Structures are given as structure tokens and as C-alpha cells.
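Here is what each chain is made of, one letter per residue.
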Amino acid sequence: MFLYLLAGFIVGSAIGSFLNVVIDRSIRRENILAINRSYCDHCKATLRTFDLIPILSFILLSARCRYCKKPLSWQYPIVELSTGLLFSLTLWILISSATFSLGLVLYYLFLVSAMIVVFVIDLKFSLIPTTLVFACSFVSLFYNYFSLPSNLFVEHVFAGFFASLFFLMIVLVTFGRGMGQGDISLAFLIGITLGIKATILAVFLAFLGGALISVLLIALGRKRFGQTVPFAPFLVFGFLISLFWATPIINWYLLMLY
Ligand SMILES: [Zn+2]
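Residues numbered from 1 in each chain as written. Predicted model: local features only at pLDDT ≥ 70, side-chain atom pairs only at ≥ 80, totals over all residues. Heavy atoms only, no water.

1. Here's the deal with the overall build of the protein chain
Spelled out, the test is: Runs of E in the DSSP output that reach at least two residues are strands. Runs of H or I that reach at least four are helices, and both are numbered from the N terminus. Throughout, radius of gyration means the C-alpha value; the globule benchmark is 2.2 Å times the number of residues raised to the power 0.38. When accessible area is computed with a 1.4 Å probe and restricted to protein chains, residues below 20% of their type maximum are described as buried, those above 50% as exposed, and intermediate ones as partly exposed. Should any heavy atoms of two residues lie within 4.5 Å, those residues are considered in contact. Only the protein chains shown count as cover for residues, and all accessible areas are computed by the Shrake-Rupley method using a 1.4 Å probe. His is not counted, nor are the chain ends, whereas Lys and Arg count as positive and Asp and Glu as negative. Charge coordinates come from a single atom per side chain, which is NZ of Lys, CZ of Arg, CG of Asp or CD of Glu.
Of the regular secondary structure elements, the protein chain holds nine helices and zero strands. Start at the N end of the protein chain and walk to the C end: the helices and strands fall as α-α-α-α-α-α-α-α-α. Against the compact-globule benchmark of 18 Å for 258 residues, the protein chain has a radius of gyration of 20 Å, which places it among compact chains. Scored against the burial criterion, the 258 residues of the protein chain give a buried share of 41%. Long-range contacts, defined here as pairs at least 24 residues apart, represent 67% of the contacts in the protein chain between residues at least 6 apart. Accessible surface computed for the protein chain: about 15100 Å², of which carbon and sulfur atoms make up 73%. The centroid of the 16 positive side-chain charges in the protein chain is displaced by 8 Å from the centroid of its 8 negative side-chain charges.

Laid out in C-alpha cells, this is it:
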């Protein structure tokens, strides 16, 4: 088991390195698949293979560019570390589950990677990469079609439409302040992936997380009351928690009720 988790971490941090490239290039509208090598944002020096080892090269270079000594963005090691940890966590959860299959592992790792990209892009630029979100929805639709019985498949599709309708109503009522079209498409992905119950949990967790962080930021004086905070990171948070632990959380909640 430990070897699987270690392998998951190493592969994850390498994928995280790639996700950093996706995040930066999608914003600069550069070709994600172009083979030109990564370069320093300040001096444009092409990074050597040795500078591209996830996490380690950041530590070895003490967070500075080898050539111009300007500070490197903390985004790089944080995304690499988080992807590594989330890949290990995904393997750990799926290996001990009854529905374990290679297809399921790849499906979950794909969703986790895409959600890291959505999280960072919304946090940095207050934008949601809707093309990526729609591509994920399509993958979920495809995966569910082949893995779920038809009644559950229909339920998941309905959950997608209900969740996006719910966010559409919020956008209309608040005149688009705080939430936008991106959140509606993200809600569709969450619904179609999770089904009705787990989607309700994910959205609830997102609002709970959003409220707690907003209160914290106001208390720390980092935000004023009424100022908006990007919401997609909270939707991603709720989505992943619900993707991994919806069944135990919902069972625990039902036990508390009765
Ligand atoms: Zn440099």
C-alpha cells in the first residue's frame, strides 16, 4: 500500500508540474501542447531539466530563478505538492473501496487534476475555464453512461441540470455579483458526476466553506463586508470532499437525525 501511495505522490507531483504549465499558458492563451520548454517569467531563460523536478528544484534553488535570482512563484511547489497529495489520497480511498477498477482510478485522477486547474485559475484571475469544465462534464457523462445502471445515469443528468438551474437563479437574483456563468457550468459538472444527494452535500459544503473563509477574511481585515471572494475554489472543495466521502458523511448525517 505504501508503495502505491508513494508512486501516486511522485506521478501526482509530476502531473502538478504539467498543471502549472496548463494554468499559466491557458491564461496567456499560449498553446498548451506546444513543445517549447518552460521558461522563467522574469528573464525568459529556458529552464533546464534539472530545474523542472517537482518541489525539489524549488527547494534546492531556495525559491529563486537560477539565472536572474528573481523569486519564483509559490504557485509551482504548492500545485505540485497538492497534486501529489491528492493523487495519493485518491489511490488510498479507491484501493480500499469495493468498486476499485483502473478506469475508476483514471477517471478520478482526471477530475482531481482538472479541479486543481479550476481552483488556481479562479483564485488567481477570477475566471473559470469553462471549456475545461465542459470537457470534464462530457467525460463524466461518458463514464456514467458505461458504469451506471440507466435509472442512476438519468438521475445524475437531472442532478446536473438542477444544480446549474440553482446557480442560474442565484446569478439572476444577485445580478451576477460574486457568481457567474462559470459557476453555473461548474455546478453542472458537479451534478452530473455526483448525483442528487452528493451534489446537495457538495453545494452545502461549498457555501459553508465560503461563509467561514469570508468571515475569517473580514475578521483579519483582508476583505470588507460585501466584497466578493471567488466562489469556484469552494465549489471545488465541496465537490472533492463529496466525491471522496459522500456516502459516509450522508450516513453519519442521517444517523444524527434519527
Ligand atoms: Zn529568471
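2. Some details on the nonpolar core
What counts is decided by this rule: In plain words, nonpolar cores are sets of buried Ala, Val, Leu, Ile, Met, Phe, Trp, Tyr and Cys residues tied together by side-chain atoms within 4.5 Å. Residue ranges assigned to the domains are those given by an automatic or database domain assignment.
Met 115, Val 118, Phe 167, Leu 186, Leu 240 and Phe 244 are the most contacted members of the largest nonpolar core, which has 54 residues in total. Of all the elements in the fold, those that place two or more residues in this core are helix H1 (2–28), helix H3 (75–95), helix H4 (102–125), helix H5 (130–147), helix H6 (150–173), helix H7 (181–194), helix H8 (196–219) and helix H9 (232–257). With 14 residues, H4 is the largest single contributor of residues to this core. Taken together, domain 1 (1–92) and domain 2 (97–258) each give at least three residues to this core, which thus spans both. Not counting chain neighbours up to four residues away, the residues in contact with Val 118 comprise Ile 128, Pro 129, Leu 132, Val 133, Leu 186, Ala 232 and Val 236.

3. Structural notes on the packing of aromatic side chains
Put simply, the rule reads: Paired rings are identified among Phe, Tyr and Trp, the last through its six-membered ring, by centres lying within 6.5 Å, and are further divided according to the angle between planes into stacked (under 30 degrees), edge-to-face (over 60) and tilted (the rest).
The final tally for this structure, using the stated rule, is 16 aromatic pairs. Residues Phe 166 and Phe 167 carry aromatic rings whose centres are separated by 5.5 Å and whose planes lie at 90° to one another, so their mutual orientation is edge-to-face. Its relative accessible area of 38% is what places Phe 166 among the partly exposed residues. Aromatic rings pair up to connect Tyr 107, Tyr 108, Tyr 143, Phe 244 and Trp 245 into one cluster.

4. Observations regarding the side chain of Ser 113
As a reminder, the rule being used: Two N or O atoms form a polar contact when they lie within 3.5 Å of each other; inside protein one atom must be a possible hydrogen donor and the other a possible acceptor, and for residues adjacent in sequence the pair counts only when both atoms belong to side chains.
Within the secondary structure layout, Ser 113 lies in helix H4. By relative accessible area, Ser 113 is classed as buried at 10%. Among the polar contacts listed, one links the side chain of Ser 113 to the backbone oxygen of Leu 109, at a separation of 2.8 Å. Those residues in contact with Ser 113 that sit more than four places away from it in its chain are Ile 15, Leu 19 and Phe 87.

5. Digging into the domain arrangement of the protein chain
Size of an interface, as often reported, equals the accessible area lost when the parts are brought together. Rules: Here the quantity called buried area is the total loss of accessible area, with a 1.4 Å probe, experienced by two parts when brought into contact, counted for both. Think of a salt bridge as a Lys or Arg side-chain nitrogen and an Asp or Glu carboxyl oxygen that are within 4 Å of each other.
The assigned domain composition of the protein chain is domain 1 (1–92) and domain 2 (97–258). Taking the mean C-alpha position of each, domain 1 and domain 2 sit 25 Å from one another. Carbon and sulfur atoms supply 87% of the area that domain 1 and domain 2 bury against each other, a total of about 1300 Å² over both sides. When the area that domain 1 buries against domain 2 is broken down by residue, the three leading residues are Ile 23, Ile 27 and Thr 90, summing to 36%. Inspection of the region where domain 1 meets domain 2 yields one salt bridge. Linking Asp 24 and Lys 124 is a salt bridge whose minimum nitrogen-to-oxygen distance equals 3.8 Å. In this assembly, domain 1 and domain 2 are joined by one residue pair in polar contact (both at pLDDT 80 or more). Those elements that place two or more of their residues in the side of domain 1 that touches domain 2 are H1 and H3. Sort the elements by how many residues they give to the side of domain 1 that touches domain 2 and H3 lands first, with eight residues.

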